[in-house]
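Spelled out, the chains give:
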Amino acid sequence: MRAAVCREFGQPLTIEEVSLAPPDNGQVEVKIEACAICHSDIHFMKGAWGGPTPAIFGHEAVGRIVRTGRNVSGWSKGDRVLVTLLKSCGSCLNCSHGQPAQCENGREELPSPFSLSETLPVSQGLWTGAFAERTVIDQSQIAHIPDSISNEAACLLSCGVITGVGAVVNTARVYPGSAVAVVGAGGVGLNAIQGARISGASVIVAVDISARKLEDAREFGATHGILADSEKPHRQIRQVTNGRGVDFALVTVGSVTALEMATRFLCHGGKLIIVGMPSADEILRLKPMGMAYFSQSVIGSYMGDAVLRRDIPWLLSLYDQGRLKLDQLVTGRYKLDEINAAVQNTIEGKARRNVIVFD
């Protein structure tokens, strides 16, 4: 089968023939139908978070099960499924508390099913490896998807949507009437904005360096837009919130500068939610005295703290009702052979989400 292989960090992907091991205990083999390009894939391909190469990335996908391994329950050949990086054991303390995204065993590195030869294994990036015609993953990483939704729209649910909407609903717990700032109006940011709209926030401020992206943000529910490189954005935040500041500031870009800026947006008791992840060696500077004095907090959000069995049916219902925009997030459709063009277009900030569509 064919896959887009990252041979070396910072270099273009190469389309190569790759071998795939059969599904083992608790695993399923999925034929990929579409996979979106996420900035997390790009960060990994640039080497920002380390890891071995060669590797196959891609983690925002939809496809159909073609084979199941031992001890797989509730899944059959032909099932249409969402493919995510959220792997959980179901038995650790966090899983038992209904927090599978924080599974204590889910990020354990297991032998990759991919190889280029008998002596050259290929790392399965983000426990998924969906920039390939097929992949083998744990049964906890999938969710049922109906045939009524397109491949391009469905695949976005597996990362960009649950990360953005989930950060608002599950992590921040935004409530009706609250004021929210979302820093970064890319794919995840737009979903955080519509998550805030769905949650009933009365003020939703989008902050970005691109005026075009601020226009996009209004389409998804932002009530105000502020250019991040304008003079004193925190004062503009105060102006649109009657001097209070925001109850929740969600930073969806992997930028320490953006995080430090967002700390100045918060009201008394405000929460800063870290959604986008900077490079592993970056350090965030905070003023703890002020945060303690004003009872402010900093919270990390991994994959929107999503619970697939709960959140995916809910999001699909919102989509069917016209309350969740998915089709509008899709900017470009590319074939696997065109993946480097799709990646470059994403790097240049021209896409909400580009999608690799498989034959």
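Throughout what follows, the structure given in this document is the object of discussion.

Basis of the calculations
- Residues numbered from 1 in each chain as written.
- Predicted model: local features only at pLDDT ≥ 70, side-chain atom pairs only at ≥ 80, totals over all residues.
- Heavy atoms only, no water.
- Helix = DSSP H or I, 4+ residues; strand = E, 2+ residues; numbered from the N terminus.
- Rg over C-alpha atoms; globule rule 2.2 N^0.38 Å.
- Buried < 20%, exposed > 50% of the residue type's maximum accessible area, 1.4 Å probe, protein only.
- Pairing = 2+ DSSP bridges.
- Axes fitted to C-alpha atoms, helices over the stretch in contact; angles between N-to-C directions.
- Contact = heavy atoms within 4.5 Å.

Right, let's get into the overall build of the protein. Looking only at helices and strands, the protein has 10 helices and 19 strands in total. Here the C-alpha radius of gyration of the protein, 20 Å, is about what a compact globule of 359 residues would show, namely 21 Å. In terms of overall dimensions, the protein has C-alpha extents of about 60 × 40 × 40 Å along its principal axes. Buried positions account for 56% of the 359 residues belonging to the protein.

Across the sheet, which stays open at both edges, the six strands sit in the order β14-β13-β12-β15-β16-β17 with parallel pairing between neighbours. Of all the strands in the sheet, the pair left with one neighbour each is β14 (224-227) and β17 (297-300). Taken pair by pair, the neighbouring strands of this sheet meet at an average axis angle of 20°, ignoring direction. In this structure, strand β16 (residues 266-274) lies alongside β17, joined through four bridges in parallel fashion. Pairing of Lys-271 across the sheet is with Ser-297, part of β17. Across the sheet, helix α6 (residues 233-240) is in contact with β12 (179-183), β13 (203-208), β14, β15 (246-251) and β16; its angle to β14 comes to roughly 165°.

Let us now look at the environment of Ile-65. Topologically, Ile-65 is positioned in strand β6 (residues 60-68). Given the relative accessible area of 1%, Ile-65 is considered buried. Apart from the residues within four sequence positions on either side, Ile-65 is in contact with Val-28, Glu-29, Val-30, Trp-75, Ser-76, Lys-77, Gly-78, Asp-79, Val-81 and Ile-142.

Spatial relationships are all this shows, so hold off on functional conclusions.
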